[in-house]
Structures are given as C-alpha cells and as structure tokens.
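Residues per chain are reported as follows:
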Amino acid sequence: VGQTIGRLLAAQGVRYVAVDEDLQQVTAGRRAGLPLFYGDASRIDLLGAVGIAGAAAIVVTMNDPAKVERTVASLRQHFPNLPIIARARDGAHARRLHAVGASTALAETVEASLQLGAATLQRAGVAAAAVEATLDEHRSDDYARLADIGAPAPDAGTAPLPK
C-alpha cells in the first residue's frame, strides 16, 4: 500500500518520505533512489528526524490494525493540525480510526470491492465514463454508510432496498 502511494506521489512530483520496518524493502528502495528510512513509524522521535514537522500530511498504512490505531492516536496528540490519512481494514476499523484522530480513514474492503466491480463492469462492456460515475456514486454511498454504522437499524418493515 505504501509503495503504491509513493509511486502515485512521485508520478505527480510530490516529495515524500517513507518509513518502513522491513529492512529488505528499505534497502531495495534506497538502492533505487527512493526516500525510504528504516524504523518504526509509530515512534514520534523517528518521524521528527525524517521531517514530519514540515509535512503536508501523513499516511499510515501499516498491516497491523491495532498499531495503526495507536499510531494515529499518538500522531494526533503530538501533531494536532496535521492531516492524518489512514488505511482501515473495514468499516468498524475506519470508525475507530476516526475516533482516535484520523482525518481520513479508507476501508480497504470498500475500495477493493469498488475496483473489482469497476473491472467487471468494464469487461461487461460498460463505458468508462459510466463506470466512473457508478464508482463515484457507490463510493459516496459506502462511505456514508460507514459513518452511519452503529446507528440504530431502521424498522425491518420499512428499510429501503439496497441500490
């Protein structure tokens, strides 16, 4: 996930720094000229050393959901105005990340489902513009639903049918 984000940023000329606990990944990336540093990205002192104070935002993409939550909470405490974008496993995890301070928490299950659906629509012959419009509509709906999860369920007799 982090590598993909790095490639997207680099493709648009956006400077970034990445921190990873996988020494082999860091070594390979540094050989390729990438701005990677080895260490635990939940350590505030390490983030300070790589320049977080001048960052426009931070993206947290660790595989361990509990560590993502701890990192987001710590970042919010130390950098109250820094936008924090976090990778969430699912809707429940996204809600927890928002609760501890994430500015944006994207559930990989939602995004993966949307991309798989888009690929299927394209293979079925649906025009690219229609696929994008459908993705935009469903992305809005799914993220709105994530925000609503936990609210009381509507009466089963009056619940609207899914789109």
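Anything mentioned here points back to the structure above.
Nothing here was measured: the structure is a model prediction, and the numbers come from that model. (Residues numbered from 1 in each chain as written. Predicted model: local features only at pLDDT ≥ 70, side-chain atom pairs only at ≥ 80, totals over all residues. Heavy atoms only, no water.)

(A) Representation of helix H2 (residues 23–31). The backbone nitrogen of Gln-24 lies 3.0 Å from a side-chain oxygen of the residue at the head of H2, namely Asp-22. One or two positions beyond H2, positive phi appears at Gly-33, with a value near 85°. (Polar contact = N/O pair within 3.5 Å; in protein donor to acceptor, adjacent residues only side chain to side chain. Helix = DSSP H or I, 4+ residues; strand = E, 2+ residues; numbered from the N terminus.)

(B) Layout of the pairing of strand S4 (residues 84–88). Most of S4 sits inside the fold, with 4 of its 5 residues counted as buried. The handedness of the strand S3 (residues 58–60) to S4 crossover, carried by helix H4 (residues 65–78), is right-handed. Across 4 bridges, S4 lies against strand S5 (residues 104–107) in parallel orientation. If you follow Arg-87 over to S5, its bridge partner there is Leu-106. (Buried < 20%, exposed > 50% of the residue type's maximum accessible area, 1.4 Å probe, protein only. Right-handed = clockwise from strand over helix to strand, strands pointing away. Pairing = 2+ DSSP bridges.)

(C) Layout of the pattern of salt bridges. Counting across every chain of the model gives 6 salt bridges. The closest approach of N and O atoms between Arg-96 and Glu-69, which form a salt bridge, is 2.9 Å. Remark: Glu-69 occurs in helix H4 and Arg-96 occurs in helix H5 (residues 91–100); sequence separation between them is 27 residues. Glu-69 sits in the buried class, given a relative accessible area of 18%. For the salt bridge of Arg-87 with Glu-108, the shortest nitrogen-to-oxygen distance reads 2.6 Å. On the criterion of sequence distance, the pair formed by Arg-87 in strand S4 and Glu-108 in helix H6 (residues 108–123) is long-range, its members being 21 residues apart. The class of Arg-87 is buried, set by a relative accessible area of 14%. Classification of Glu-108 as partly exposed rests on a relative accessible area of 26%. (Salt bridge = Lys/Arg side-chain N within 4 Å of Asp/Glu carboxyl O.)

(D) Up close: H5. What H5 keeps buried is the set Gly-91, His-93, Ala-94 and Leu-97. Buried residues of H5 fall within an arc of 155° about the axis and therefore sit on the same side. Where H5 begins, the side chain of Asp-90 points an oxygen toward the backbone nitrogen of Ala-92, at a separation of 3.2 Å. Count one or two residues on from H5 and you reach Gly-101, which has phi positive near 125°. (Arc of directions from axis to C-beta.)

(E) Structural detail: the side chain of Arg-76. Following the sequence through the fold, Arg-76 ends up in helix H4. Buried charge Arg-76 goes without a salt bridge, the closest partner of opposite sign being Glu-69 at 14 Å. Only 2.8 Å separates the side chain of Arg-76 from the backbone oxygen of Gly-101, close enough to count as a polar contact. Those residues in contact with Arg-76 that sit more than four places away from it in its chain are Asn-81, Leu-82, Ile-84, Val-100, Gly-101 and Ser-103. (Lys, Arg positive; Asp, Glu negative; His and termini not counted. Contact = heavy atoms within 4.5 Å.)

(F) View of the nonpolar core. With 18 residues, the main nonpolar core has Val-60, Val-72, Leu-75 and Leu-97 as its most contacted residues. Among the secondary structure elements, those contributing two or more residues to this core are S3, H4, S4 and H5. (Core = buried A, V, L, I, M, F, W, Y, C linked by side-chain atoms within 4.5 Å.)

(G) Quick look at the environment of Arg-43. Summarising the element assignment, Arg-43 is placed in the loop between strand S2 (36–38) and helix H3 (44–49). Note: C-alpha distance between Arg-43 and Thr-71 (28 residues apart in sequence) is 8.1 Å. A polar contact of 2.7 Å, which involves the side chain of Arg-43, links it to the side chain of Asp-45.

Purely spatial values, then, with no claim about function.
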